[in-house]
Amino acid sequence: MSSPEFLAASNRLTVDLSALADNWRTMNELSGKARAAAVLKANAYGVGVTEAAHTLYAAGARDFFVASVEEGAELRPLIPDARIYILAGMWPGNEELFFAYDLVPIVNSEEQLAVFMAALSERGEYPCVLHVDTGMNRLGLSFEEALALASDPARPASFSPVLVMSHLACGDDPMHPMNVYQLEGFRAVTAAFEGIPASLANSGGVFLGNDYHFDLTRPGIAVYGGEAVIGAVNPMKPVVTAEARILQVRTVPAGGTASYGASVRFTRDSRIATVAIGYADGYHRSLSGGGVMLRQARASGAQGFLHGRLVPHVGRVTMDLSLFDVTDLPEQAVRAGDYIELFGRNVAIDDVARAGGTIGYELLTSLGRRYCRNYVGGV
Ligand SMILES: *Cc1c(COP(=O)(O)O)cnc(C)c1O
């Protein structure tokens, strides 16, 4: 049931936890013989880590990735017996947090390996993940460093990684030659660490097929309903629907202008809905409507969805307010108080993102604090 706050909110999010669970199950099935983990970094891609963790655990996930040890500490009480991996890894001063919250560090460099080994010698056995770079050049031991480690006779017996992983640079582009290049590199790594489970695929990688799945996949964006493969039909269910309230409907005669900078001039008599959503809510300024020239912005701008049809954004997105042209809807249909969908069930989040020169990941993770959130469904 929707709360009175939700029914009256200026802007609001509906998070469909059934869709979230279904998307994870889909990714788990597509992972074939591999297990699917779940990626909960950045407040579960903006969706809400508490609800996402409970839902995905109930759906069957037992391996969870977050970015930082702080995120791991927040996640631990929500899923007491799951394995939680920390992508940023360990550095001097935060070792105790790993032990206190039972978090598995990902070892991303020689420096982090030294920090982990020192902690290990004090502590005895402790799990870790070895991250080997195969072409992304962001984090990870180099191929040479990894091979040297694999054959190092001085490696203590207590050093027993539970996973060896790498990350794809172009998993969203099935035809990109980097995929095969990284796959071959990663196979050489797994051969050097025989017997240790392996993980390569993010969401895009899951769609690349069985060769890329190894033992554990790490889908993020697809579980949250976003596009994982560019240029393909997105098979995932939308999870997040964002809506905002129309505060006023105005009439502007042909030749009139609106918004900061008088940035839109109307060529016909127009009806304009002023909506309670702005860049402070993560509705980025680059989504501004047609004719507003901002760096990298497409000429067309974003569209919303109102009473069964798409309506274009016009003028500039401002901090708290946006304008939509509702002239093409019947005059009586649009009223102050109506909610316009910004993205979700009827407008794909990735279409809105594209209009602003960005990606669904960024729209989700920049959702502001003003949204009233309503969680519906579940496992
Ligand atoms: C964020 C992240 C993922 C998830 O990627 P998606 O593209 O969202 O599926 C997987 N692995 C690593 C290392 C990541 O940082």
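Numbers given for residues are sequential positions, taken from 1 along each chain in its written order. Since the coordinates come from a predicted model, pLDDT governs what is reported: local features require at least 70, and pairs of side-chain atoms require 80 or more to be given and counted, while whole-chain, interface and lining totals use all residues. Where side-chain values are given, they derive from all heavy atoms of the structure, hydrogens and water being excluded.

1. Regarding the overall build of the protein chain
For step 1, the next point in the chain: Runs of E in the DSSP output that reach at least two residues are strands. Runs of H or I that reach at least four are helices, and both are numbered from the N terminus. Counting its regular elements, the protein chain contains 12 helices and 19 strands.
For step 2, the next point in the chain: Across its three principal directions, the C-alpha atoms of the protein chain cover 80 × 45 × 35 Å.
For step 3, the next point in the chain: Buried means the residue's accessible area, taken with a 1.4 Å probe over protein chains only, is under 20% of the maximum for its type, while exposed means over 50%, and partly exposed covers the values in between. Expressed as a percentage of its 379 residues, the buried residues of the protein chain come to 52%.
For step 4, the next point in the chain: By the convention used here, residues are in contact when the closest approach between their heavy atoms is within 4.5 Å. Across the protein chain, contacts joining residues at least 24 apart in sequence account for 66% of those joining residues at least 6 apart.

2. Some points on the site of the ligand
For step 1, the next point in the chain: Among the 14 residues in the neighbourhood of the ligand, the closest are listed as Lys41, Tyr45, Ser203, Ile221 and Tyr361.
For step 2, the next point in the chain: In protein, a polar contact requires one atom able to donate a hydrogen and another able to accept it; more generally it is a pair of N or O atoms within 3.5 Å, and residues adjacent in sequence count only if both atoms are side-chain atoms. Here an oxygen atom of the ligand sits 2.5 Å away from a polar atom, N or O, in the side chain of serine 203.
For step 3, the next point in the chain: Within the side chain of tyrosine 361, a nitrogen or oxygen atom sits 2.6 Å from an oxygen atom of the ligand.
For step 4, the next point in the chain: Accessibility throughout is a Shrake-Rupley quantity obtained with a 1.4 Å probe, and a residue counts as covered only by protein chains that appear here. Here the ligand has 390 Å² of accessible area as a free molecule, and 92% of this is covered by the chains. For each residue, the test is whether any non-hydrogen atom lies within 4 Å of the molecule or strand; if one does, the residue is near.

3. Thoughts on the pattern of salt bridges
For step 1, the next point in the chain: Whenever Lys or Arg places a side-chain nitrogen within 4 Å of a carboxyl oxygen from Asp or Glu, that contact is recorded as a salt bridge. Summed over all chains, the structure comprises 12 salt bridges.
For step 2, the next point in the chain: A salt bridge links lysine 237 to aspartate 22, with the nearest nitrogen and oxygen atoms 2.7 Å apart. Here the residue lysine 237 occupies a position in the loop between strand E10 (216-217) and strand E11 (240-252), and aspartate 22 occupies one in helix H2 (residues 17-30), the gap between them amounting to 215 residues.
For step 3, the next point in the chain: Taking relative accessible area as the criterion, lysine 237 reaches 42% and is therefore assigned partly exposed.

4. Digging into the domain arrangement of the protein chain
A common measure of how large an interface is: the accessible area buried when the components associate.
For step 1, the next point in the chain: Where each domain begins and ends follows an automated or database-derived domain assignment. By domain assignment, the protein chain separates into domain 1 (31-224) and domain 2 (240-376).
For step 2, the next point in the chain: Taking the mean C-alpha position of each, domain 1 and domain 2 sit 38 Å from one another.
For step 3, the next point in the chain: On the side of domain 2, eight residues touch domain 1, which itself brings eight residues to the contact.
For step 4, the next point in the chain: Between domain 1 and domain 2 lies a buried interface of about 730 Å² when both sides are counted; carbon and sulfur atoms form 66% of it.
For step 5, the next point in the chain: Connecting domain 1 to domain 2 are zero salt bridges.
For step 6, the next point in the chain: Where domain 1 packs against domain 2, one counts four residue pairs in polar contact (both at pLDDT 80 or more).
For step 7, the next point in the chain: When residues are sorted by character, Ala, Val, Leu, Ile, Met, Phe, Trp, Tyr, Cys and Pro go into the nonpolar class, Asp, Glu, Lys and Arg into the charged class, and all the rest, Gly among them, into the polar class. Partitioned by chemical class, the residues of the side of domain 1 that touches domain 2 number five nonpolar, two polar and one charged. Buried area counts how much accessible surface, traced with a 1.4 Å probe, disappears from two parts once they are put together, with both parts' losses summed.

5. Regarding the environment of serine 10
For step 1, the next point in the chain: By the secondary structure assignment, serine 10 is in the loop between helix H1 (4-8) and strand E1 (11-16).
For step 2, the next point in the chain: The class for serine 10 is partly exposed, based on a relative accessible area of 43%.
For step 3, the next point in the chain: With residues up to four places along the chain from it excluded, the contact list for serine 10 reads Glu243, Ala244, Arg245, Ala276 and Tyr339.

6. Remarks on unusual backbone geometry
For step 1, the next point in the chain: The backbone of alanine 42 shows a phi angle near 55°, a positive value even though the residue is not glycine.
For step 2, the next point in the chain: Here alanine 42 is to be found in helix H3 (residues 41-45).
For step 3, the next point in the chain: A positive phi angle, close to 45°, is found at histidine 307, a residue other than glycine.
For step 4, the next point in the chain: As for its position among the elements, histidine 307 is in the loop between strand E15 (303-306) and strand E16 (309-314).
For step 5, the next point in the chain: With a relative accessible area of 44%, histidine 307 lands in the partly exposed category.

7. Concerning the packing of aromatic side chains
For step 1, the next point in the chain: Pairing of aromatic rings covers Phe, Tyr and the six-membered ring of Trp, with a centre-to-centre limit of 6.5 Å; geometry is then stacked below 30 degrees between planes, edge-to-face above 60, and tilted otherwise. As enumerated under the stated definition, the model contains seven aromatic pairs in all.
For step 2, the next point in the chain: An angle of 35° between the planes, with centres 6.1 Å apart, marks the rings of tyrosine 45 and tyrosine 361 as tilted. Separated by 316 residues along the polypeptide, tyrosine 45 in helix H3 and tyrosine 361 in helix H12 (residues 360-365) bring together distant segments of the chain.
For step 3, the next point in the chain: Looking at tyrosine 361, the relative accessible area reads 32%, which means it is partly exposed.
For step 4, the next point in the chain: Ring centres 4.5 Å apart and planes at 15° place the aromatic pair phenylalanine 65 and tyrosine 85 in the stacked group. One end of the pair, phenylalanine 65, is in strand E4 (residues 63-66); the other, tyrosine 85, is in strand E5 (residues 83-86), with 20 residues separating them in the sequence. In terms of burial, phenylalanine 65 and tyrosine 85 fall into one category: buried.
For step 5, the next point in the chain: An aromatic cluster is present here, built from Tyr45, Tyr224 and Tyr361 joined pairwise through their rings.
For step 6, the next point in the chain: In this scheme, the term charge over a ring applies when either NZ of a lysine or CZ of an arginine sits within 6 Å of the ring centre and within 35 degrees of the ring normal. Cation over ring: arginine 62 sits above tyrosine 57, and NZ or CZ is 3.6 Å from the ring centre.

8. What about the pairing of strand E6 (residues 104-107)?
For step 1, the next point in the chain: Neither face of E6 is left uncovered, since the one carrying Val104 and Ile106 and the one carrying Pro105 and Val107 both have all their residues buried.
For step 2, the next point in the chain: Strand pairing is assigned whenever DSSP identifies at least 2 bridges connecting the two strands. Across two bridges, the pairing between E5 and E6 is parallel. Within E6, the position partnered with isoleucine 86 by the bridge is proline 105.
For step 3, the next point in the chain: Note: E6 against strand E7 (residues 129-131), two bridges, orientation parallel.

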